Every structure is written in structure tokens, then in C-alpha cells.
Amino acid sequence: MNIFAIFLVLTTLITVGIVSPNERNIKISISPQETEQNAKTEYVLDRIASALEGTKHSVSEKIEEDATGVFDKAHEASEKVKKCVGIIVDKVKGKAKDVSDTTDTLKGDVEGNATEDVDLIENAVIEDAHRLKVEGKRGYQKIRRFFSSNNFRSFMGMIHLLGFALSYGVCFWVTFISSKVLAKALPKQQFSVVQSKIYPVYFKTLSYGVATAFLGHYLSQSRPYYASQGETIQGLIFLAIFSMTMFNSFYLEPRATKLMRERMKLEKEEGKGKDVFDIEPSTRNVDAVRDPTGTKTGKTTSDEPLETQQKLSEGAIRERPQVEILSHKLKKLNLMSSFLNVLTLIGLTSHLFHRSQLVHSSG
């Protein structure tokens with residue numbers, strides 16, 4: 001409608017613009033006779049102008065009415081949109097509230113379940129800790145009663161007897177049986193090699209047995225420990241035996257083994273294979289190496305007369321000073337080791353005698 005009104009106004013103006021110039025020209029060019037015709041034309045133009053004016057007012061009113069209608073419709077549409085948006089917002093708020101309520105409910109349920117679980121776990125832990133505490137006290141009391149009673153002393157007395165039996169048995173066997181048999185069955189060099197393998201094990205076993213016997217003897221005493229003079233002496237005997245055994249194991253035996261190997265090396269280099277320094281003038285036996293048990297080892301395999309052997313030994317002494325030095329050092333070490341081993345056996349025997357007296361007195 002607005003476009004139509006504007007088109008109508010423009011058409012009218014264009015028509016007036018075209019007609020007006022023609023009218024002026026006519027006035028100039030025409031004759032006075034045509035005045036009446038001009039008057040008619042002016043009348044027509046006035047009527048057109050009036051019509052246009054009325055049309056203008058009508059179009060303006062129509063435009064105002066249309067604009068008012070458009071504004072009213074736009075306002076109504078805006079109100080409807082606002083109402084729709086408000087309804088949607090209310091719905092969204094309601095959904096959000098429902099979700100929030102559901103979340104709060106779930107959160108409360110989870111917190112409640114977690115609190116219940118934590119309480120259950122805490123109670124279980126407290127019960128287990130209390131049970132363990134009670135059981136620990138009972139175990140401690142049992143152990144304390146065991147160590148403070150005669151049962152513990154009896155147990156340590158058994159440990160003492162086991163250690164003493166091991167020590168005395170191995171010492172007696174190596175001193176009187178094993179060394180004698182090996183000395184008779186093996187040549188000198190083989191016997192020396194075998195003894196160099198046996199004696200480290202022998203001294204270690206003996207030291208373990210003596211240490212066990214001393215520990216059991218000490219802990220099997222009634223408190224205060226070693227209140228009896230006789231038991232104190234036995235404890236000192238065990239300490240002395242242990243000291244001699246350790247000295248034999250870590251000092252004498254390694255040095256003797258080293259000297260024995262050096263002497264055997266020199267003898268092999270000379271091609272003899274035997275130690276002529278040990279040939280006794282009054283016998284055909286060869287006193288090879290006295291081991292810690294004091295056993296003489298080896299035999300000569302020569303059938304030569306004794307005078308010939310003595311001549312050979314005298315010549316060998318002049319030719320082999322290094323072997324002589326090693327032999328004398330080895331004999332000194334072996335004599336010392338044998339002496340300590342005999343003292344060890346004497347100490348163990350004295351303790352055996354002491355134990356037999358205790359058994360006899362208790363019976």
C-alpha cells in the first residue's frame with residue numbers, strides 16, 4: 001500500500017509538470033479568443049489538484065492506519081514471543097530444578113552409602129586391630145613364659161649337649177682315627193694334600209660346635225648367670241677352646257698349607273718327590289709332615305741300605321738349603337698346631353668329666 005501511494009503521488013506530480021508548461025506556452029502563443037478554453041483547463045487542473053490533495057490525505061491516513069496495524073501486530077508478535085520464551089525458560093528452569101533435585105538426591109545417597117561403608121570399614125579395622133593386639137599380647141606372654149621358665153633352660157641345655165657332642169666327636173675322630181688311617185694308607189705327598197683339604201673343614205666344624213656348646217651352656221644357667229664357680233670355670237674353658245680353635249683355623253693352618261705347597265713345588269722341580277730331611281738314622285721310616293694331630297706320615301719305598309740313604313741325605317742337605325728352611329718352618333707350625341689341638345681335646349674331656357659328675361649327683 002505504501003508503494004502504491006507513492007507511485008500515485010509521483011504520477012500526479014509528473015502529470016502536473018507536463019501540463020503546466022504547455023499551459024504557459026499556450027497563454028503566450030494563443031489568442032484572446034481562447035480564454036474561455038483556458039478557464040476550463042484551469043478549472044480541470046484545480047479539480048485534479050483537489051483530488052490529489054484528497055488522495056494525499058487518504059493515502060497518509062491509510063499509511064498511518066497500516067503502520068499502526070503493523071506496529072500493533074509487531075507488538076502482539078513480540079508479546080507472543082516473550083510469552084513463548086518465558087514459557088520455555090520456565091520449563092527449562094523446571095527441568096534444571098528437577099535435575100538439581102535429582103543430583104542432590106543422588107549425592108545424598110552416595111554420601112550416605114559412603115559414610116556407611118567407611119563406618120563399616122573403620123569398625124572392621126578396629127576389631128582386627130583389637131584382635132591382633134590381644135593375640136600379640138598372648139603370644140608375647142607365651143614367649144615370655146617360655147624364656148623365663150625351666151622350658152627354655154632345658155632347651156638351651158639340649159643345644160649345649162649337641163654342640164659339645166659335635167665338638168668332642170670330631171676332635172676325637174680326627175686326632176686318633178682319621179689321621180692314623182690316612183698316614184698308613186697314603187704316601188707322604190698325597191697325605192699332605194688330603195690333610196690340607198680336611199683341616200680347614202675340621203677347624204671350622206670344631207669352632208661351630210664349641211660356640212654352640214658355650215652359648216647353650218651360658219643360657220641354660222639360672223639367673224644370675226654363672227653364679228656357681230664350677231659352671232664359671234666350664235664357661236672359661238669353652239672360651240679358651242674356642243680361641244685356640246680360631247687361632248688354628250685362621251693363622252696356623254693357612255701358613256702350614258702354604259709352606260707345604262712351596263716345599264712340594266721345590267721337590268718336584270728337583271725330581272725327587274720326597275723330603276730327605278725327615279729320614280731318621282735309626283729307622284727306615286720317613287717322618288714326613290707332622291700334622292696337627294702329631295701323626296707321622298709316609299714310608300720310604302727305597303730298599304737301599306741305611307748308610308746309603310744317610311749319604312744321600314747329607315748330599316741333599318748341602319744342595320737344597322731352601323727346602324731345609326721350609327721344612328723346619330713347617331715342623332714348627334705343625335708342632336704348635338698339634339699342641340693346641342691336644343689342649344682342645346683335654347679341655348673337652350674335662351667338661352665331659354664335669355657333666356658326668358652332674359649326672360651322677362642328680363641321680
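Residues numbered from 1 in each chain as written. Predicted model: local features only at pLDDT ≥ 70, side-chain atom pairs only at ≥ 80, totals over all residues. Heavy atoms only, no water.

The name an unreviewed UniProt entry gives the protein is Seed maturation protein PM27, with Solanum tuberosum as the organism. UniProt lists a comment for the protein under the heading Subcellular location (unreviewed entry), and it reads "Membrane". (UniProt positions renumbered as here; feature names shortened; annotations may be inferred.)

Novice: Go over the overall build of the protein, please, and point to the residues and values.
Specialist: Tallying secondary structure elements over the protein gives seven helices and zero strands in all. Helices and strands in the protein line up, N terminus first, as α-α-α-α-α-α-α. Relative to its full complement of 363 residues, the protein shows a buried share of 27%. Within the protein, counting contacts between residues at least 6 apart in sequence, those at least 24 apart form 76% of the total. Taken as a whole, the protein presents about 24,800 Å² of accessible surface, with 63% of it coming from carbon and sulfur. (Helix = DSSP H or I, 4+ residues; strand = E, 2+ residues; numbered from the N terminus. Buried < 20%, exposed > 50% of the residue type's maximum accessible area, 1.4 Å probe, protein only. Contact = heavy atoms within 4.5 Å. Areas by Shrake-Rupley, 256 points an atom, 1.4 Å probe, with all protein chains shown as cover.)

Novice: Got a sec to walk through the nonpolar core? Specific residues and values, please.
Specialist: Grouped together as the largest cluster of nonpolar side chains are 27 residues, with contacts concentrated most on Phe 164, Cys 171, Tyr 202, Leu 206 and Leu 348. When residues of this core are traced back to their parent elements, those giving at least two are helix H3 (150-185), helix H4 (188-219), helix H5 (229-270) and helix H7 (321-362). Here this core takes nine residues from H5, the largest share from any one element. Setting aside its immediate chain neighbours within four residues, Leu 206 contacts Ser 167, Val 170, Cys 171, Thr 245, Thr 344 and Leu 348. (Core = buried A, V, L, I, M, F, W, Y, C linked by side-chain atoms within 4.5 Å.)

Novice: Quick one: what's the story with H3, residue by residue and with numbers?
Specialist: Under the 1.5 Å per step criterion, the end-to-end length of H3 is 50 Å for 36 residues, consistent within 8% with the ideal 52 Å. Helix geometry: H3 is bent most strongly at Val 174, by close to 45°. (Expected span 1.5 Å × (residues − 1). Bend = angle between axes of the 7 residues up to and from the residue.)

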